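# Close look at the chain arrangement
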Amino acid sequence: MASSTDKRVVYFSRLKAIACLAVVVLHTFYAADAFAGTLDRHMLALSVRNLMMWAVPCFVMVTGALLLNPKHEVTINKIFRKYLPRVIIALVFYSIAFAIFDAVLLKKPMGEAFTTGLKAIVYGTGWKHMWYLYLMIAIYLVLPFFRMAVRSATDTEIRYTLGVLFVFQSIVPMIPIIWNVEMPFYILFFSIYPVFLLGGYAIHNDII
């Protein structure tokens, strides 16, 4: 499973290539739903979109498999000098680019578009798919903590942590939706994505 060429894990590259296509399909059908017109087309668009929802978790799992590996050198300095700048540059560039694109279509002043783009960076009011960049910034910021935990944890402790996080971040939040009963129990992780991050590492290293 972990065959590699020149330190590149081949199946990671294949997974990311397929996930890239899935993201394109997801957003295409998400946009197409606005023009569905009929219930059948609406259901088709949403069904295809939902079937592609695995793509972003897949990217996060690959990130976890690579960057949580204790043999992979990831220092705080490297995070702030290499990983974070790439994401922040992409966030700034595309927030402004998409704002200019909207301004051209809506025939708004270019100066206003630039201001709108800058505000979108701070308030997250740009195109919806930009949320992934904010997610990656958060993951990189907490990466040292997760690396420290993985480095000192046994396989059993990793499986235990994954089980607890999965229950409280995936199953427990569904209870109020299904049975209309509020649950007082919660874990101080307000996102499912740490499960994907740690899960990617655990699967790649045959812990689960």
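Right above here is the structure, for reference.
Here is a short report on the structure shown in this document. (Residues numbered from 1 in each chain as written. Predicted model: local features only at pLDDT ≥ 70, side-chain atom pairs only at ≥ 80, totals over all residues. Heavy atoms only, no water.)

Leu68, Ile79, Tyr140, Leu143, Ile158 and Leu197 are the most contacted members of the largest nonpolar core, which has 33 residues in total. Broken down by secondary-structure element, the contributors of at least two residues to this core are helix H3 (55–67), helix H4 (76–106), helix H6 (131–152), helix H7 (155–171) and helix H9 (193–204). Among the elements that make up this core, the one with the highest residue count is H6 (nine residues). Ala19, Met52, Cys58 and Phe59 belong to the second-largest nonpolar core, a separate cluster that totals seven residues. (Core = buried A, V, L, I, M, F, W, Y, C linked by side-chain atoms within 4.5 Å. Buried < 20%, exposed > 50% of the residue type's maximum accessible area, 1.4 Å probe, protein only. Helix = DSSP H or I, 4+ residues; strand = E, 2+ residues; numbered from the N terminus.)

With that settled, consider the packing of aromatic side chains. A full pass over the atoms with the stated rule returns eleven aromatic pairs. Ring geometry for Trp131 against Tyr193: centres 5.8 Å apart, planes inclined by 50 degrees, an arrangement best described as tilted. Residue Trp131 is located in helix H6, and its partner Tyr193 is located in helix H9; the two are separated by 62 residues in the primary sequence. The class for Tyr193 is buried, based on a relative accessible area of 18%. Grouping aromatic residues by their ring pairs yields a cluster made of Phe59, Trp131, Tyr132, Tyr193 and Phe196. (Phe/Tyr/Trp six-rings, centres within 6.5 Å; stacked < 30°, edge-to-face > 60°.)

A word on the packing of H4 against helix H5 (residues 110–123). It is at 8 Å that the axes of H4 and H5 come closest, and there the two elements cross at 140 degrees. One element, H4, and the other, H5, form an angle in the oblique class. The handedness of the crossing between H4 and H5 comes out as right-handed. Of the residues in H5, those touching H4 at Leu91, Val92, Ser95, Ile96, Ala99, Ile100, Ala103 and Val104 are Met110, Ala113, Phe114, Thr116, Gly117, Leu118 and Ile121. (Axes fitted to C-alpha atoms, helices over the stretch in contact; angles between N-to-C directions. Parallel < 35°, antiparallel > 145°, perpendicular 65-115°, else oblique. Left-handed = near helix turned anticlockwise from the far one by under 90°. Contact = heavy atoms within 4.5 Å.)

Geometry only, nothing functional implied.
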